[in-house]
Amino acid sequence: MIEFASVVEKVRLIDPAGHEVEQQIEHRTDPLTSTVASINSALSEKAKAFLLGGTDVQLLREYQEKTREGCPFCSVAEKGTRFPADVIEEGQLRVGRSVAVPNLFSKMAFDAVAILDPARHVLFPSQIGPEALADAIRLSCELVCRARARDAAQVHHVVGMNFLGPGGSSLPHPHFQVHVRGVPYSGVSRLLRSSAAFQQRTGRDYWTELIEQEKQIGTRYIGRSGRVEWVAAYAPAHQREIWGVVPGIGSLAELPAADAEGVAAGIAKVISVYEALGSHPFTFAFFSSPQPGRGKDFALHVKLCSRPPFRSMYSNYDTWFTPKLVGDDVHTQAPEEYAGLIRKQWSGEGRS
Ligand SMILES: [Zn+2]
């Protein structure tokens, strides 16, 4: 059994009007990583002051038009970088509508940008679409496999997406980054170690157990897209943190095409809800085992979170000192609340 630990604290204060008010804070500990998430719904008033109605949609529309001209990803076929023939023979690698090219400023031995669809310079999450996301996921899997085939040491990989400036992106045209290196990623290694330790301790796979329990509890379970299971993190380390879990598959290096479509369908729905909630910027990353065949004690999963709304002078409220430097975050909304909103997007699909 997974223990969903939680401690409630109360605080009293005199508000500016002279009234004594009491607030309740719930501290939740993640059962696997032990990070702590604090939830105080009274903070939603403070959050409103930060959000001021969310993204400035007019500003984003203007930004979309302004950045289209001169966008290097719109004209990637003519003006983009290319891999040397001994790295990727094709120079630019295409799967469906997605195109991979080397990052102009590399951070590791293999650093690629996977443009979802060069023909679609869209800066609204709901317009990105599951088809382009699925192509980019399949393309990322192909890149991870090719890097490994070329050099057996190049197995440690992270695939992710930053969207819009507040989401950590410098170029707005929708794209993934595919990173492969010979040195393990600390966060991926920690998760692999904790998952293996859980199985040694209990004889069960943490991720299978998690999905089973979340289905029973029901309030954080969102639904399925294909075989992929979606839940809101019990103790979110990031804002509106949602996980898409691929049961029995440990690595992008072994992800079947049908599951890539399942993951893409779920991502498209989650980011559309983020948009509806006023947070167009988002960030996600795949947690993927460097070695295939780990599906018995680890499940490939994608973690998504919403980022500060797109508007001028936005506040970086998700990178204040506790989440940024200490590792624990505070939330104004319980995961059960936004899980409920996202679940509505899953209507008609396998909720079991
Ligand atoms: Zn573009």
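These remarks concern the structure in this document. This structure is a prediction, so every number in the text was calculated from the model and none was measured.

**A look at the overall build of the chain**
No. 1: Counting its secondary structure elements, the chain contains 10 helices and 14 strands.
No. 2: In summary, the chain has a C-alpha radius of gyration of 21 Å against a globular reference of 20 Å for 352 residues, a match within 12%.
No. 3: For the chain, the spread of C-alpha atoms along the principal axes amounts to about 70 × 55 × 40 Å.
No. 4: Evaluated residue by residue, the chain yields a buried proportion of 52% over its 352 residues.

**Things to note about the packing of helix α5 (residues 130-150) against helix α8 (residues 257-276)**
No. 1: Taken N-terminus to C-terminus, the directions of α5 and α8 make an angle of 135°; their axes are 8 Å apart at the nearest point. Comparing their axes, α8 and α5 come out oblique. By crossing handedness, the relation of α5 to α8 is classed as right-handed. The segment α5 lies against α8, with P130, L133, A134, I137 and R138 engaging A257, A260, E261, V263, A264, A265, I267, A268 and I271.
No. 2: Of the residues in the contact of α5 with α8, the class split is 12 nonpolar, no polar and two charged.

**Remarks on the sheet that holds strand β3 (residues 36-39)**
No. 1: Read from one edge of the open sheet, four strands run β1-β2-β3-β14, paired in mixed fashion. Edge positions in the sheet fall to β1 (5-14) and β14 (329-331), since each has one partner strand and no second. Here the strands of the sheet are splayed against their neighbours by 25° on average, with no regard to which way each runs.
No. 2: Both β1 and strand β2 (residues 20-29) contribute to a ladder of 10 bridges, which runs antiparallel. Across the sheet, the residue bridging to I14 is E20, located in β2.

**Focus: the packing of aromatic side chains**
No. 1: Here the structure, examined in full by the defined rule, presents 13 aromatic pairs.
No. 2: Centroid distance W320 to F321: 5.2 Å. Interplanar angle 70°. Geometry classified as edge-to-face.
No. 3: Judged by its relative accessible area of 58%, F321 falls in the exposed class.
No. 4: The structure contains a cluster of three or more aromatic residues connected by ring pairs, namely F163, F176, F282, F284 and F286.

**Side note on the sheet that holds strand β10 (residues 228-232)**
No. 1: Spatially, 10 strands are ordered β4-β5-β6-β8-β7-β12-β13-β11-β10-β9 in an open sheet, and the strand pairing comes out antiparallel. The strands lining the two open edges of the sheet, one partner per strand, are β4 (93-95) and β9 (221-225). Taking each pair of neighbouring strands and ignoring which way they run, the sheet shows an average axis angle of 20°.
No. 2: Strands in contact with helix α7 (residues 206-217) are β9, β10, β11 (242-246) and β13 (300-306); relative to β10, the strand with the most contacts, it is inclined by about 65°.

**Some thoughts on the environment of A339**
No. 1: By the element assignment, A339 lies in helix α10 (residues 335-343).
No. 2: When the C-alpha atoms of A339 and I242 are compared, they prove to be 8.3 Å apart, with 97 residues separating the residues in sequence.
No. 3: Setting aside residues up to four positions removed in sequence, A339 forms contacts with T219, R220, I222 and A232.

**A closer look at the coordination of the zinc ion**
By definition of the ideal shapes, four donors in a tetrahedron about a metal sit 109.5 degrees apart, and six donors in an octahedron sit 90 or 180 degrees apart.
No. 1: Those protein atoms acting as donors to the zinc ion are C71 (SG), C74 (SG), H121 (ND1) and H173 (ND1), and they sit at 2.0 to 2.3 Å.
No. 2: Each donor residue of the zinc ion belongs to the same chain, with the gaps between them written as C-x2-C-x46-H-x51-H. Of the two residues, C74 sits in the loop between α2 (57-68) and α3 (76-79) while H121 sits in the loop between β6 (110-115) and α4 (125-128), which places them 47 residues apart along the sequence.
No. 3: According to the relative accessible area criterion, C74 is partly exposed, its value standing at 29%.
No. 4: In this structure H121 comes out as buried when scored by relative accessible area, which is 2%.

**Overview of α7**
No. 1: Between the first and last C-alpha of α7 there are 16 Å, a value that for 12 residues agrees with the 16 Å anticipated at 1.5 Å per step.
No. 2: Considered for burial, the residues of α7 that qualify are Y206, W207, E209, L210, I211, Q213 and E214.
No. 3: Buried residues along α7 sit against α6 (186-202), β9, β10, β11 and β13.
No. 4: Trailing α7 by a residue or two, G218 shows a phi angle of about 90°, which is positive.

**A word on the nonpolar core**
No. 1: Core analysis: the biggest nonpolar cluster contains 60 residues, and L133, I137, F176, W230, I267, F284 and F286 have the highest contact counts within it.
No. 2: Considering each element in turn, this core owes the most residues, 10 residues, to α5.
No. 3: Ignoring sequence-local partners within four residues, the contact set of I267 consists of L133, I137, W230, F284, F286, V302 and L304.

**A short note on the layout of surface pockets**
No. 1: Considering only enclosed or pocket space, the largest pocket measures out at about 1300 Å³ in volume.
No. 2: Taken together, 40 residues make up the lining of the largest pocket; nearest its centre are A237, H238, A285, F287 and K303.
No. 3: Mapped by element, the contributors of at least two residues to the lining of the largest pocket are β7 (156-163), β8 (175-181), α6, β12 (282-287), β13 and α9 (321-326).
No. 4: Classifying every residue of the lining of the largest pocket gives 17 nonpolar, 15 polar and eight charged.

Calculation rules
- Residues numbered from 1 in each chain as written.
- Predicted model: local features only at pLDDT ≥ 70, side-chain atom pairs only at ≥ 80, totals over all residues.
- Heavy atoms only, no water.
- Helix = DSSP H or I, 4+ residues; strand = E, 2+ residues; numbered from the N terminus.
- Rg over C-alpha atoms; globule rule 2.2 N^0.38 Å.
- Buried < 20%, exposed > 50% of the residue type's maximum accessible area, 1.4 Å probe, protein only.
- Axes fitted to C-alpha atoms, helices over the stretch in contact; angles between N-to-C directions.
- Parallel < 35°, antiparallel > 145°, perpendicular 65-115°, else oblique.
- Left-handed = near helix turned anticlockwise from the far one by under 90°.
- Contact = heavy atoms within 4.5 Å.
- Nonpolar A, V, L, I, M, F, W, Y, C, P; charged D, E, K, R; others polar.
- Pairing = 2+ DSSP bridges.
- Phe/Tyr/Trp six-rings, centres within 6.5 Å; stacked < 30°, edge-to-face > 60°.
- Donors = N, O, S within 2.8 Å, 3.2 Å for Na, K, Ca; no water.
- Expected span 1.5 Å × (residues − 1).
- Core = buried A, V, L, I, M, F, W, Y, C linked by side-chain atoms within 4.5 Å.
- 1 Å grid on protein atoms, 1.4 Å probe; cavity = no way out; pocket = protein on both sides within 12 Å on 5 of 7 lines; lining within 4 Å.
- Points joined across faces, edges and corners; volume = space filled by probe spheres on them.

None of the figures reported here should be taken as evidence of function without further support.
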